[in-house]
Structures are given as structure tokens and as C-alpha cells.
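# Architecture and fold: a report
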Amino acid sequence: MEIELLRYLRSSYLHVSFERILSGEGLHLIYQFFRDTQKNEPTWFAEQIPTGDPAALIAEAALKGKPEICVQALDLFISILGGEAGNLALKTLSLGGLFLAGGIPPKILPKLRGEAFKRAFVSKGRYKRLLSQIPVSVILNDKVGLLGAASVAATMVKSSEP
């Protein structure tokens with residue numbers, strides 16, 4: 001499925017990165033992939049997309065279990081997120097834990113606690129045991145990036161004072 005998604009996105013984008021997919025825009029792109037390849041978009045939901053934030057609408061609908069296209073989109077998003085989170089944990093050997101931040105993870109917390117994320121996170125062959133010992137947490141404060149930048153700025157100001 002991921003290879004089919006990649007092929008679909010390559011028809012529109014020269015470069016397809018995890019950053020493009022693992023974002024609000026990415027969730028909408030995954031939804032469009034299912035819409036265009038499986039033709040399973042209900043009219044009632046299609047009418048809602050232009051009126052709001054597509055990613056939020058898709059995620060909310062998926063968490064409620066309807067329509068199926070939203071469930072499929074979020075499930076694939078979760079699987080890709082779990083796989084990439086596992087890759088990053090392995091690359092950095094973050095034995096103390098991996099922290100997911102941003103606007104999306106807190107909103108899809110029930111899905112992140114599910115088996116699909118865990119399975120994709122640890123699915124790294126001989127490293128499965130190692131990855132299964134790394135805790136994954138979701139940062140619930142949506143201002144964490146701003147707080148971090150403010151902290152760095154304050155430190156820079158202090159160090160430049162005479």
C-alpha cells in the first residue's frame with residue numbers, strides 16, 4: 001500500500017518525503033490517494049472537506065469509525081508514522097524514549113496507543129527486541145516548539161549580556 005501511495009504522490013511531486021506525508025497535508029494526501037484509487041468517498045463527507053480543515057475532519061471521522069475511507073487514511077498514516085518513528089529511534093539509539101510532538105499526535109492518541117503504531121514501530125527485523133524496549137510518549141502541549149525557541153532565545157540574550 002505504501003508503495004502504491006508513493007507512486008501516486010510521485011505523479012504530483014518530484015520528491016516525496018516522510019515530512020510531506022506525516023503532516024496534516026499528508027493525511028489529506030493519503031485520503032485523496034484512497035479516494036482516487038478506490039473510489040470510496042461518500043458524497044456526504046466529500047461535501048464537508050472544502051468547508052473545514054481536511055486533516056482534522058478526516059482524523060475526527062476516522063476516530064468515530066466512519067466513513068471507511070477516513071479510517072483507511074488514518075490507519076495508513078499511523079503505520080507510516082510508526083515505521084518512521086522506529087527508524088528514528090533506531091538511528092539515534094534513543095533508549096531513553098522517543099517523544100512525538102506537533103499538532104496531530106495529541107488528536108489521534110487513541111490510534112497511537114493501538115497495535116498498528118506499535119507493530120510498525122518495532123517491525124525492524126533483528127532490532128525488534130531492542131525497539132520494543134524503547135518507550136514512546138506523546139507531548140500534549142502544542143506550544144512545546146514555541147517554548148523551546150523562547151528558552152533558547154532567553155539563553156542567547158543572557159550569554160550576550162556584559
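Preceding this paragraph is the structure being described.
In short, a report on the structure. Within each chain, residues carry numbers counting from 1 in the order of the written sequence. Per-residue local features of the predicted model are confined to residues with pLDDT of at least 70, and side-chain atom pairs are confined, for both listing and counting, to 80 or more; whole-chain, interface and lining totals are unaffected and use all residues. Each side-chain value is worked out from all heavy atoms of the structure, with water and hydrogens disregarded.

So, about unusual backbone geometry. The linkage connecting Lys66 with the following residue, Pro67, adopts the cis geometry, with an omega of -5°. The secondary structure listing takes helices from DSSP runs of H or I that are at least 4 residues long and strands from runs of E that are at least 2 residues long, numbered from the N terminus. By the element assignment, Pro67 lies in the loop between helix H5 (54–64) and helix H6 (68–92). One non-glycine residue with positive phi stands out, namely Lys39, at about 50°. Residue placement: Lys39 occurs in the loop between helix H3 (24–38) and helix H4 (43–46).

Attention shifts here to the packing of aromatic side chains. To describe a pair of aromatic rings, one takes the distance between the centres and the angle between the planes. Stacked, tilted and edge-to-face are the three classes assigned to paired rings of Phe, Tyr and Trp, where Trp is represented by its six-membered ring and a pair needs centres within 6.5 Å; plane angles under 30 degrees give stacked, over 60 edge-to-face, the rest tilted. With the rule as written, the count across this model stands at five aromatic pairs. A ring pair is formed by Phe33 and Phe34, whose centres lie 5.1 Å apart and whose planes are at 55°; its orientation type is tilted. Ring centres of Trp44 and Phe45 lie 5.7 Å apart, and the angle between their planes is 85°; this geometry places the pair in the edge-to-face category. Members of the aromatic cluster, connected to one another through ring pairs, are Tyr8, Phe33 and Phe34. Geometry around Tyr13 places Arg20 over its ring, the cationic atom sitting 3.8 Å from the centre. To sit over a ring, a charge needs its Lys NZ or Arg CZ within 6 Å of the ring centre and within 35 degrees of the ring normal.

It is the contact of H3 with H5, at a shortest axis distance of 8 Å, that shows an interaxial angle of 65°. Overall, the two elements H3 and H5 adopt an arrangement that is roughly perpendicular. Judged by the sense of rotation from one axis to the other, the crossing of H3 with H5 is left-handed. On H5, the residues that touch Gly24, Leu27, His28 and Tyr31 of H3 are Pro54, Ala55, Ile58 and Ala59. Residue polarity is assigned by list, with Asp, Glu, Lys and Arg as charged and Ala, Val, Leu, Ile, Met, Phe, Trp, Tyr, Cys and Pro as nonpolar; anything else, Gly included, falls into the polar class. Looking at the contact of H3 with H5 residue by residue, the classes come out as six nonpolar, two polar and no charged. Throughout, an axis means a line fitted to C-alpha atoms (over the contacting stretch in the case of helices), and angles, computed between N-to-C directions, take values from 0 to 180 degrees. Just so you know how the angles are binned, under 35 degrees is roughly parallel, over 145 roughly antiparallel, 65 to 115 roughly perpendicular, and the rest oblique. Throughout, a crossing is termed right-handed when the near helix is turned clockwise from the far one, and left-handed when it is turned anticlockwise from it by less than a right angle. Whether two residues are in contact is decided by their heavy atoms, any of which lying within 4.5 Å being enough.

Now for the packing of H3 against H6. Running from amino to carboxyl end, H3 crosses H6 at an angle of 130°, the nearest separation of the two axes being 9 Å. It follows that H3 is oblique to H6 by the angle criterion. Here H3 runs over H6; the crossing is right-handed. Of H6, the residues touching H3 (which contributes Leu27, Ile30, Tyr31, Phe33, Phe34, Arg35 and Gln38) are Ile69, Cys70, Gln72, Ala73, Leu74, Leu76, Phe77 and Ile80. Looking at the contact of H3 with H6 residue by residue, the classes come out as twelve nonpolar, two polar and one charged.

Moving on, we get to the environment of Leu29. Turning to its location among the elements, Leu29 is positioned in helix H3. Judged by relative accessible area, Leu29 falls into the buried class, the value being 8%. Those residues in contact with Leu29, other than ones at most four positions away along the chain, are Tyr8, Leu9, Tyr13 and Arg20. Only protein chains enter the accessibility calculation, which uses a 1.4 Å probe; a residue is then buried when its area is under 20% of its type maximum, exposed when over 50%, and partly exposed in between.

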